[in-house]
Amino acid sequence: MRVLILEDELFLAEAVRDGLRLEAIAADIAGDGDTALELLAHTAYDVAVLDRDVPGASGDEVAARIVASGSGLPILMLTAADRLDDKASGFEAGADDYLTKPFELRELVLRLRALDRRRERGRSRPPVRELAGLRVDPFRREVYRDGRYVALTRKQFAVLEVLVEAEGGVISAEELLERAWDENADPFTNAVRITVSALRKRLGEPWLIATVAGVGYRIDAGPAALDG
């Protein structure tokens, strides 16, 4: 899970971020509303944790923008205000849940996971894809080869997903970089070649990923895949 924390009290924000990491929850910090909106425009989050009283765009304004985007991103309002009227206005702004300061980290973790589960239940599950003995489940983020589970990193999974979706078609390194990395990726990097090489080894022999010289990569059901 990855969450956005909009909080102008840096010490509190960093303490929450570090605590969430121990619970396997990644978190990005925005110290003001404008920064939060920039992060939301470029990063996919599972939950937004918004303090209402922050510099720049307020937490309510950020919540309203999230709702207007139609992304369905769950919103947890985090604030010192505990009056019923304050909570009501927060819910009207788009909050899905509310937590007042001070709070226990454990409670925050429980609420974040509950919001994430609720969102997952509302999503339509992407189809499981099967090709050349591979079974790729995007919803569970699981990969099996000939019935054997294959543990992959997030980036390796993203690359494999693109290749399997092509159903044997050739995908260029440039397209892989565009679809499996973010917009800030260096177009001259060798990250694609390194990731494909590591992915090929993870999947095991006979090699499934073929390198088409000067063109790109594809899933190959035969043993003739080349190293590259």
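Everything that follows concerns the structure shown earlier in this document.
Note that the structure is a prediction, hence the values are computed from the model and not measured. (Residues numbered from 1 in each chain as written. Predicted model: local features only at pLDDT ≥ 70, side-chain atom pairs only at ≥ 80, totals over all residues. Heavy atoms only, no water.)

### Regarding the overall build of the protein
Alright, step 1. When you go through the protein residue by residue, the secondary structure sums to 8 helices and 11 strands.
Alright, step 2. Expressed as a percentage of its 228 residues, the buried residues of the protein come to 41%.
Alright, step 3. For the protein, the accessible surface area stands at approximately 12,400 Å², while carbon and sulfur atoms represent 49% of it. (Helix = DSSP H or I, 4+ residues; strand = E, 2+ residues; numbered from the N terminus. Buried < 20%, exposed > 50% of the residue type's maximum accessible area, 1.4 Å probe, protein only. Areas by Shrake-Rupley, 256 points an atom, 1.4 Å probe, with all protein chains shown as cover.)

### As for the pairing of strand S3 (residues 47-51)
Alright, step 1. Burial analysis of S3 places 5 of its 5 residues in the buried class, the great majority of the element.
Alright, step 2. Alternating residues of S3 divide into Val47, Val49 and Asp51 and Ala48 and Leu50, and every residue in both groups is buried.
Alright, step 3. With 4 bridges connecting them, strand S1 (residues 2-6) and S3 associate as parallel partners. The residue bridging Ile5 from the neighbouring strand is Val49, located in S3.
Alright, step 4. One ladder, built from 4 bridges, connects S3 with strand S4 (residues 75-79); its direction is parallel. What sits directly across from Ala48, in S4, is Ile75.
Alright, step 5. After leaving S3, the chain enters helix H3 (residues 59-69) and then returns to the sheet as S4, a path that is right-handed. (Pairing = 2+ DSSP bridges. Right-handed = clockwise from strand over helix to strand, strands pointing away.)

### Some details on the sheet that holds S4
Alright, step 1. One open sheet holds the 5 strands; their spatial order is S2-S1-S3-S4-S5, and the pairing between them is parallel. Looking along the sheet, the strands with just one partner apiece sit at the ends: strand S2 (26-30) and strand S5 (97-100). Averaged over all adjacent pairs, the angle separating strand axes in this sheet is 20°, with direction ignored.
Alright, step 2. Contacts between helix H2 (residues 33-42) and the sheet are confined to S1 and S2, with S1 contributing the most and set at about 160° to the helix. (Axes fitted to C-alpha atoms, helices over the stretch in contact; angles between N-to-C directions. Contact = heavy atoms within 4.5 Å.)

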